[in-house]
Amino acid sequence: MSLLELKHIYKIYGELHALDDVNLKVEKGEWVSIMGPSGSGKSTMMNIIGCMDKPSKGEVLLDGVDIARESGKNLTTIRRDKIGLIFQQFHLVNYLNALENVMLAQYYHSIPDEKEALEALDRVGLADRAKHLPSQLSGGEQQRVCVARALINHPEIILADEPTGNLDDANEETVVDLFHKLHDEGTTLIVVTHDPEVAEVAQRTVVLRNGKIHKETVNTNFTGKIRFRD
Amino acid sequence: MKKRKMFLRMITASLMRRRSRMLVAFLAIAIGATILSGLMTIYFDVPRQMGAQFRNYGANMIFTPTGEDFTNEDLESGLSHIKSSDLVGAAPYRYETVRIHEQPIMAAGTSMEDVKKTSPYWLVEGEWPAAAGEVMVGQGVAESLQLKQGDTVAIRYTEETEEGAEEEAADNEIDYKVTAVLSTGGSEEDYVYMNMEDLEELTGLAGSIDLAEVSISSGADQLNSYMEQINSEVPSVDARLVKRVTASETTVLSKLQALVLLVTVIVLALTMICVATTMTAVVAERRKEIGLRKAIGASDKSIVTEFMGEGMMLGGLGGIVGVFLGFAFAQTISKHVFSSSIIFRPGLVPLTIAASILVTGIACLSPIRSATKVDPALVLKGE
Ligand SMILES: Nc1ncnc2c1ncn2[C@@H]1O[C@H](COP(=O)(O)OP(=O)(O)O)[C@@H](O)[C@H]1O
Ligand SMILES: [Mg+2]
């Protein structure tokens, strides 16, 4: 059984089919890139997979459970236990410092553990920035805090919606590097990106257009490493 | 780390690191609490203060003896010169030093029914002494001897004897029941009051009184002519006039208290509106953060708890500040209006803080409901 399976998913806003009969399987431990022009339904799909939205029609099987049929309360629990989210706009709580932002995810998940949260920050190379507020961190550093927060509860799937969209090359490389490590540890990754360089480091690339899957390519020489300026 | 610790860390961070945002709500609560605690202090102190203001309301003439002996007969002959329709009441007083727990206290024997007429401003908490063996103690006595309504108190009278006197000095102790505590805002609070018969039984002295307070309802001219008439025709009585206020003290008092209560309620309502408005703005401003919290796993219940926690902490802090500012405020008013200082009532501290927390909590209900409605998906689409 696949970890995630979308079966005939529709998301309809009035006349607009934001998702139009999408079928997709993601295996445990896989690294998938989602590409497509703006408005093609990438975020809509991520919101559905991330249990933040429900499809108009279709089944979404996560670990064999159809999350399209779950109540809002159960969705919160599933999201908390199984999913780690990373966004383009590095959403952090602006009055909590880096460490507290990571601990927030622990707080909702189970029990805050300062030591573990510090280790997560250390993994993204920010141990010395633990007490900084988001406003005192650069964009790249903020995104790395988001990564630390996403991985702190050991989610089965990490969903990243244009995680490198606002980052410079150096920070992009750091973030992709972290994805690589997570992948090596067996975490399933679904990464939305506009950047072909980021997309092609994944095992598979799914291209959306007008709410439909337009193309799927498998990266045969998958390395998980981004190749810059070579 | 415990969840509760993280919770406290979050809400304090939200309040402290967003101080400028929370300032308006905090000020509203602090001002509300200040006025609440100030007005409540005044509310409870007004009867005492007013008693002092209206102390001359009852009696407007005082009879004191000119010579040694002054009896009820002298009082009666003085009163006979006053038209019975003008006479409101006349209360005789006899004062003796007694001992309670070895402390010298002034005891006054009088006629309670007459005192009710001549001193209507007396604030009697409990039942006026009626039967034999019942006494009323002044607030000051009650405080220093820790007496309260219902207590039994042993009062001792020792006759003062000259040295070398032949006969044995009277020494008598009787148990009395405290039926009431008296507040007047004046020196009466340091006395023990009992019926004349009780004092006579205790001291073994009968017949004479020290002074009488007389309440007469008539104009100033008539009052003066009464005084002159009594002074010239009853040689044993020295009649003097005392000023009094003519307004009805009780109605003024209850109207004033009602006004204070009304203002308090209005201020609390205004505080609530102000806090509700601020919190609504705060929730709107933090929609993104609320969505984010939900996206990383916060349930509706956690969102409610967090915002309620912030609101209540704010309410508590505002309440603490308000309690003390309120006392200062009441003190200033009291100094200006009544020219006397006010009593700090510790009971108002928890009351004010609890009221601030409650008002803030209620004010937060509707903003928090809208916070739970924030959709994590919409917020994260980069709205
Ligand atoms: N809540 C909504 N109401 C109406 N239309 C929406 C809503 N959310 C998204 N859409 C529309 O659905 C389409 C897909 O949006 P989205 O998934 O955000 O695209 P992408 O992330 O690929 O740029 C867009 O045309 C967008 O305008
Ligand atoms: Mg998008």
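Look a little higher up for the structure.
Residues numbered from 1 in each chain as written. Chains lettered and ligands numbered in written order. Predicted model: local features only at pLDDT ≥ 70, side-chain atom pairs only at ≥ 80, totals over all residues. Heavy atoms only, no water.

**Student:** A description of the overall build of chain B should follow, citing residues and the corresponding values.
**Tutor:** Scanning chain B from terminus to terminus reveals 12 helices and 10 strands. Relative to its full complement of 383 residues, chain B shows a buried share of 47%. For chain B, contacts bridging at least 24 residues in sequence account for 81% of all contacts bridging at least 6. If you sum the accessible surface of chain B, you get close to 18500 Å²; carbon and sulfur atoms cover 57% of it. (Helix = DSSP H or I, 4+ residues; strand = E, 2+ residues; numbered from the N terminus. Buried < 20%, exposed > 50% of the residue type's maximum accessible area, 1.4 Å probe, protein only. Contact = heavy atoms within 4.5 Å. Areas by Shrake-Rupley, 256 points an atom, 1.4 Å probe, with all protein chains shown as cover.)

**Student:** An account of helix H3 (residues 72–79) of chain B is needed here, citing residue identities and associated values.
**Tutor:** An α-helical segment advances 3.6 residues per turn. Residues three or four places apart therefore align on the same side. All names here are of chain B. For H3, every residue scored as buried is listed here: Asp74, Leu75, Gly78 and Leu79. Burial along H3 is one-sided: seen end-on, the buried residues are contained in an arc of 135°. Along its buried surface, H3 packs onto strand S1 (61–65), strand S2 (87–100), strand S9 (211–216), helix H7 (220–233) and strand S10 (237–241). (Arc of directions from axis to C-beta.)

**Student:** So what's going on with the packing of aromatic side chains? Which residues, and what values?
**Tutor:** Any two aromatic rings considered together are summarised by their centre-to-centre distance and by the angle between their planes. Within this structure, the stated rule accounts for 10 aromatic pairs over all chains. A centroid spacing of 5.2 Å and a plane angle of 85° characterise the contact between tyrosine 43 of chain B and phenylalanine 44 of chain B, whose relative ring orientation is edge-to-face. Put simply, the rings of Tyr93, Tyr95, Trp122, Trp128, Tyr191 and Tyr193 of chain B pair up and form one aromatic cluster. Its guanidinium or amino end placed over the ring of tyrosine 10 of chain A, lysine 57 of chain A lies 4.4 Å from that ring's centre, counting from NZ or CZ. The side chain of lysine 3 of chain B reaches across the aromatic face of tyrosine 107 of chain A, ending 5.1 Å from its centre. (Phe/Tyr/Trp six-rings, centres within 6.5 Å; stacked < 30°, edge-to-face > 60°. Lys NZ or Arg CZ within 6 Å of the ring centre and 35° of its normal.)

**Student:** Let's hear about unusual backbone geometry: which residues, and what values?
**Tutor:** In this structure, cysteine 51 of chain A takes a positive phi of about 60° despite not being glycine. Structurally, cysteine 51 of chain A is set in the loop between helix H1 (42–49) and strand S4 (57–62). If you check the backbone angles, glutamine 146 of chain B has positive phi at about 55° while not being a glycine. Along the chain, glutamine 146 of chain B falls in the loop between helix H5 (139–145) and strand S6 (152–158). Given a relative accessible area of 69%, glutamine 146 of chain B falls into the exposed group.

**Student:** How would you summarise a nonpolar patch on the surface if you had to cite specific residues and measurements?
**Tutor:** All names here are of chain B. A cluster of nonpolar residues, Leu259, Leu262, Val263, Ile266, Leu270 and Ile273, forms a patch on the protein surface that exposes about 560 Å² of accessible area. With respect to the helices and strands, the residue leucine 270 is situated in helix H8 (residues 249–285). Owing to a relative accessible area of 52%, leucine 270 belongs among the exposed residues under this scheme. (Patch = residues over 30% accessible without salt bridge, like charges linked within 9 Å, V, L, I, M, F, W, Y side chains within 5 Å. Salt bridge = Lys/Arg side-chain N within 4 Å of Asp/Glu carboxyl O.)

**Student:** Just give me the short version of the interface of chain B and chain A, but keep the residues and values in it.
**Tutor:** At the junction of the two partners, chain B supplies 31 residues and chain A supplies 30 residues. A buried area of about 2700 Å², summed over both sides, lies between chain B and chain A, and 61% of it is on carbon and sulfur atoms. Area buried by chain B at its contact with chain A is led by Lys3, Arg17 and Ile296 of chain B, which between them contribute 22% of it. The shortest N-O distance in the salt bridge between glutamate 100 of chain A and arginine 17 of chain B comes to 2.9 Å. Between chain B and chain A we count 13 residue pairs in polar contact (both at pLDDT 80 or more) in total. (Buried area = accessible area lost by both parts, 1.4 Å probe. Polar contact = N/O pair within 3.5 Å; in protein donor to acceptor, adjacent residues only side chain to side chain.)

**Student:** Help me get a handle on the environment of serine 302 of chain B, residues and values and all.
**Tutor:** Residues and elements named next belong to chain B. Within the secondary structure, serine 302 is located in helix H10 (residues 300–337). Here serine 302 falls in the buried class, since its relative accessible area comes to 16%. A sequence separation of 295 residues divides serine 302 from phenylalanine 7, and the C-alpha atoms of the two residues are 9.8 Å apart.

**Student:** Can you lay out the side chain of threonine 64 of chain B for me, pointing to particular residues and giving the numbers?
**Tutor:** Residue and element names in this part refer to chain B. Relative to the elements of secondary structure, threonine 64 occurs in strand S1. Classification of threonine 64 by relative accessible area gives buried; the value is 14%. Residues in contact with threonine 64, not counting those within four places in the same chain, are Asp210, Leu211, Ser236, Val237, Asp238 and Arg240.

**Student:** I'd like a description of the sheet that holds strand S8 (residues 188–192) of chain A, backed by residues and values.
**Tutor:** All names here are of chain A. The sheet built from 6 strands is open, its strands ordered S6-S7-S8-S3-S9-S10 with mixed pairing. Of all strands in the sheet, those bounded by a partner on one side alone are strand S6 (83–86) and strand S10 (212–218). Strand-to-strand twist of the sheet, defined as the mean angle between neighbouring strand axes without regard to direction, takes the value 15°. By the bridge criterion, 4 bridges tie S6 to strand S7 (residues 157–161) in an arrangement that is parallel. Counted as the bridge partner of isoleucine 83 is isoleucine 157 from S7. (Pairing = 2+ DSSP bridges. Axes fitted to C-alpha atoms, helices over the stretch in contact; angles between N-to-C directions.)

**Student:** Can you break down the nonpolar core residue by residue, with the values?
**Tutor:** Leu4, Leu6, Met45, Leu121, Phe179 and Ile190 of chain A are the most contacted members of the largest nonpolar core, which totals 101 residues. At 8 residues, helix H3 (residues 98–109) of chain A tops the list of elements feeding residues into this core. What phenylalanine 179 of chain A contacts, discounting residues up to four positions off in sequence, is Trp31, Ile86, Ala160, Pro163, Leu189 and Val191 of chain A. Counting 21 residues, the second-largest nonpolar core is a separate cluster that includes Ile100, Leu145, Ile174 and Val192 of chain B. (Core = buried A, V, L, I, M, F, W, Y, C linked by side-chain atoms within 4.5 Å.)

**Student:** Go over the environment of aspartate 300 of chain B with me, naming the residues and quoting the values.
**Tutor:** Residue and element names in this part refer to chain B. In this fold, aspartate 300 is placed in helix H10. What makes aspartate 300 partly exposed here is its relative accessible area of 41%. C-alpha separation for the pair aspartate 300 and isoleucine 290, spaced 10 residues apart in sequence, amounts to 9.9 Å. Once residues within four sequence positions are removed from consideration, aspartate 300 is found in contact with Lys294 and Thr372. Within the structure, the side chain of aspartate 300 is placed 3.4 Å from the side chain of lysine 294, a separation counted as a polar contact.

**Student:** Explain the sheet that holds strand S1 (residues 4–13) of chain A to me, using residue names and the numbers behind them.
**Tutor:** All names here are of chain A. Strand order across the open sheet formed by 4 strands is S2-S1-S4-S5, with antiparallel pairing between neighbours. Edge strands, defined here as strands with exactly one partner in the open sheet, are strand S2 (16–26) and strand S5 (65–66). Running at roughly 125° to S1, H1 makes contact with S1, S2 and S4 of the sheet.

**Student:** Residue-level account of the packing of helix H4 (residues 114–123) of chain A against helix H5 (residues 139–151) of chain A, with values.
**Tutor:** Residues and elements named next belong to chain A. At a closest axis distance of 9 Å, the pairing of H4 and H5 adopts a crossing angle of 130°. Taken together, the axis directions place H4 and H5 in an arrangement best described as oblique. The handedness of the crossing between H4 and H5 comes out as right-handed. Counting all contacts with H4, which are made through Ala120, Leu121 and Arg123, the residues of H5 involved are Val145, Ala148 and Leu151. Of the residues assigned to the contact of H4 with H5, the class counts are 5 nonpolar, no polar and 1 charged. (Parallel < 35°, antiparallel > 145°, perpendicular 65-115°, else oblique. Left-handed = near helix turned anticlockwise from the far one by under 90°. Nonpolar A, V, L, I, M, F, W, Y, C, P; charged D, E, K, R; others polar.)

**Student:** I'd love a proper account of the pattern of salt bridges, names of residues and values included.
**Tutor:** Residue and element names in this part refer to chain B. Going through the model one piece at a time under the given rule, you end up with 26 salt bridges over all chains. Between glutamate 285 and arginine 18 there is a salt bridge, and its shortest N-O distance comes to 3.7 Å. Of this pair, glutamate 285 sits in helix H8 while arginine 18 sits in the loop between helix H1 (3–17) and helix H2 (19–53); the two residues are 267 residues apart in sequence, bridging distant segments of the chain. On the basis of relative accessible area, glutamate 285 is assigned to the partly exposed category, the value being 43%. Note that aspartate 171 is salt-bridged to arginine 156, the shortest N-O span being 3.1 Å. Within this pair, whereas aspartate 171 is found in strand S7 (residues 171–183), its partner arginine 156 is found in strand S6, the two being separated by 15 residues in sequence. A relative accessible area of 46% places aspartate 171 in the partly exposed class.

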